[in-house]
Amino acid sequence: MLPPLVLAAFGGWLLSRRYGFWYDELYTAEMVRIPLDDLARAVVRGEGTISYLQDAPPSYNGPYYAVAHLWLALTGLAPDEWGLRLLSLVASAGAVGAFTIAVGRLAGRQVGLVAGLVVATNPFVVEYSAEARGYGLALLGTALAALGLQRWLDGRPRSLVLYGLAGAAAGLFHWFALLVLAAFAVATLWLRGRHAVPLVATTVGAAVPALLVVGVAVANGVGGSGAEWIADVGLAVPRLLLRSWASERLLLAAVTLAAAAAGVVAGRRHREALTVSMAWVGLPVAAVSLIELVRPVYVDRYLLPAVLGLAVLVALGLTGFPRRVGGVATAAFLAVSAAVTVSAAGEGPKEDVRGAVAALATLHRPGEPVVAAGRWDAIGVSQYARRDHPALRPDLVLPPAAVPAGPTVWVVRRAEGGVKGDRTTLAALDEELAGRDMHVADERRFRGRYADVLLQRWVTAGAEPEGPSPSR
């Protein structure tokens, strides 16, 4: 089947670039190293397993960490940029395959093929298909739930087993996927009326496991902790999600809107597919927009399962034209999408803490303290020192440890980002070093799409050491 192969090609190419982990992936790499019983205990008790991240337990993503742990155990792969990301890519390719089949049975093979290719070439989907987080598995659960839904609409009542199990899995891997299950239930009620009761009941049952995980997190006091960084976007959710879908490229956003609008018109010939796809993307976006009026919750990747519905609308639009025109329009759309994906994949890592630690390893001298400025920096400095540059480990200083005295102190820090508490810590660190009559003698910036990482060499005034230093 073509769409999974296309996604595997794009995702594999992105994987081959071996960009360093960013914070979320670094946390995954830490969690998969601990025994499963310790992981379960941390989830239930709401306790952090990393000394400097005690207030960041593996609560909501516990099921994903468990699956990733088992994946590594079964494959023998290392918890690195290849081993962990490959799990996501395999799951995402399977998701595109199931999605293509489901849409093809709802609206015809041509629509299914185009929808699958729209997803497989999309920069937003490709980006998270090769990330060491649970989004690929959530996509797979969502796509299989859609396949179960299609089979049930086609008069196969036993398919509710597939729908329920897949929906439960999707919710466990990211509980925002429950919004898509709710959308499926609403669409089915619209299409089947009171005959939809069995599917609605199955939807409720499928939501229980994820809601239990959320309930445990709320009960043990985790709740919304760790979400302080989420910005308040108000009613801008649809615009921001489209921007992420298009990787901030105006042309891809424009042709997506045009094709989706055409899909709403042309989709009247495929009533079930149109109803399901509009609910698929529309209900989650509307729900998050309404919640935004109360508290910030929008993160684009959380709605990744929902954008599959947008791909169906786009496919309905592209295939709704006369054959020759539709072929040209489809080829043009996919060409634009693929070009944006290739361009986005070449923009580098989200955070390059690995590059900063590698540079530090060539400049550092034994006995010189290496300070992770904040806890968000500590997880990357600790992991890459432990994994790639063990000679640095004796001199690592991780929060909240005190910085030893010395004429030279190396500091690794984000140029931006983190959480409010970290910013306070960063300011206190600068104040402490300045109070020792130290200053930044050299600084190197490692560019990232999310945040830049700084490698700083602080020295005591009048005690400038000889030897190499980072370039500004």
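Just above sits the structure.
The notes below deal with the structure included here. On a predicted model such as this, the values are computed, not experimentally measured, just so you know.

Within the protein, the regular secondary structure consists of 19 helices and 5 strands. Taking 2.2 N^0.38 as the reference for a compact globule, 472 residues should give roughly 23 Å; the C-alpha atoms of the protein span a radius of gyration of 24 Å, in line with that estimate. The burial tally for the protein puts 56% of its 472 residues in the buried class. Within the protein, contacts between residues separated by at least 24 positions form 79% of all contacts whose residues are at least 6 apart in sequence. Looking at the protein as shown, the accessible area adds up to about 19,500 Å², and 63% of this sits on carbon and sulfur atoms.

Attention now moves to the pairing of strand E5 (residues 453-460). Counting buried positions along E5 yields 7 of 8 residues, so the element is predominantly enclosed. Examined bridge by bridge, strand E3 (residues 408-414) and E5 share 7 bridges and lie antiparallel to one another. Considered in E5, the bridge of Val412 is made with Leu455. Where strand E4 (residues 438-446) and E5 come together, 8 bridges link them in antiparallel fashion. Bridging from a neighbouring strand, His439 pairs with Val459 of E5. The turn linking E4 back onto E5 is made up of 6 residues.

A few words now on the environment of Arg457. Mapped onto the fold, Arg457 is located in strand E5. Looking at Arg457, the relative accessible area reads 4%, which means it is buried. It is 6.8 Å that separates the C-alpha atoms of Arg457 and Thr408, two residues lying 49 residues apart in sequence.

Moving on: the sheet that holds E5. The mixed open sheet is built from 5 strands, whose spatial order is E2-E1-E3-E5-E4. Strand pairing shows two members of the sheet lacking a second neighbour, strand E2 (396-397) and E4, which therefore form its edges. Together, strand E1 (370-372), E2 and E3 form the strand contacts of helix H18 (residues 375-388), whose direction differs from that of E3 by roughly 115 degrees.

The next point concerns the packing of helix H13 (residues 250-266) against helix H15 (residues 307-318). The N-to-C vectors of H13 and H15 enclose an angle of 75 degrees; their axes lie 6 Å apart at closest approach. With respect to H15, the element H13 is oriented roughly perpendicular. In contact with Thr256, Ala259, Ala260, Ala262, Gly263, Val264 and Ala266 of H13, H15 contributes Leu310, Leu313, Val314, Leu316, Gly317 and Leu318. Looking at the contact of H13 with H15 residue by residue, the classes come out as 10 nonpolar, 3 polar and no charged.

Position of Asp80 among the secondary structure elements: in the loop between helix H4 (62-75) and helix H5 (83-107). Arg18 provides the closest opposite charge to the buried, unpaired Asp80, separated from it by 4.0 Å. A distance of 2.8 Å separates a polar side-chain atom of Asp80 from the backbone nitrogen of Gly83.

We now examine the packing of aromatic side chains. Taken as a whole, this structure holds 10 aromatic pairs when the rule is applied. On the basis of an interplanar angle of 50 degrees and a centroid distance of 5.9 Å, the ring pair of Tyr27 and Tyr65 is categorised as tilted. Of this pair, Tyr27 sits in helix H2 (residues 23-31) while Tyr65 sits in helix H4, and the two are 38 residues apart along the sequence. Ring pairing ties together the aromatic residues Tyr27, Tyr64 and Tyr65, which thus form one cluster.

Phe99, Val118, Phe184 and Trp280 are the most contacted members of the largest nonpolar core, which has 143 residues in total. At 13 residues, the largest contribution of residues to this core is made by H5. Setting aside residues no more than four positions away along its own chain, Trp280 makes contact with Phe99, Thr142, Ala146, Val180, Ala183, Phe184, Pro305, Ala306, Leu308, Gly309 and Val312. Of all hydrophobic cores here, the second largest spans 10 residues; its members include Val403, Val409, Leu429 and Met438.

Rules used throughout
- Residues numbered from 1 in each chain as written.
- Predicted model: local features only at pLDDT ≥ 70, side-chain atom pairs only at ≥ 80, totals over all residues.
- Heavy atoms only, no water.
- Helix = DSSP H or I, 4+ residues; strand = E, 2+ residues; numbered from the N terminus.
- Rg over C-alpha atoms; globule rule 2.2 N^0.38 Å.
- Buried < 20%, exposed > 50% of the residue type's maximum accessible area, 1.4 Å probe, protein only.
- Contact = heavy atoms within 4.5 Å.
- Areas by Shrake-Rupley, 256 points an atom, 1.4 Å probe, with all protein chains shown as cover.
- Pairing = 2+ DSSP bridges.
- Axes fitted to C-alpha atoms, helices over the stretch in contact; angles between N-to-C directions.
- Parallel < 35°, antiparallel > 145°, perpendicular 65-115°, else oblique.
- Nonpolar A, V, L, I, M, F, W, Y, C, P; charged D, E, K, R; others polar.
- Lys, Arg positive; Asp, Glu negative; His and termini not counted.
- Salt bridge = Lys/Arg side-chain N within 4 Å of Asp/Glu carboxyl O.
- Polar contact = N/O pair within 3.5 Å; in protein donor to acceptor, adjacent residues only side chain to side chain.
- Phe/Tyr/Trp six-rings, centres within 6.5 Å; stacked < 30°, edge-to-face > 60°.
- Core = buried A, V, L, I, M, F, W, Y, C linked by side-chain atoms within 4.5 Å.

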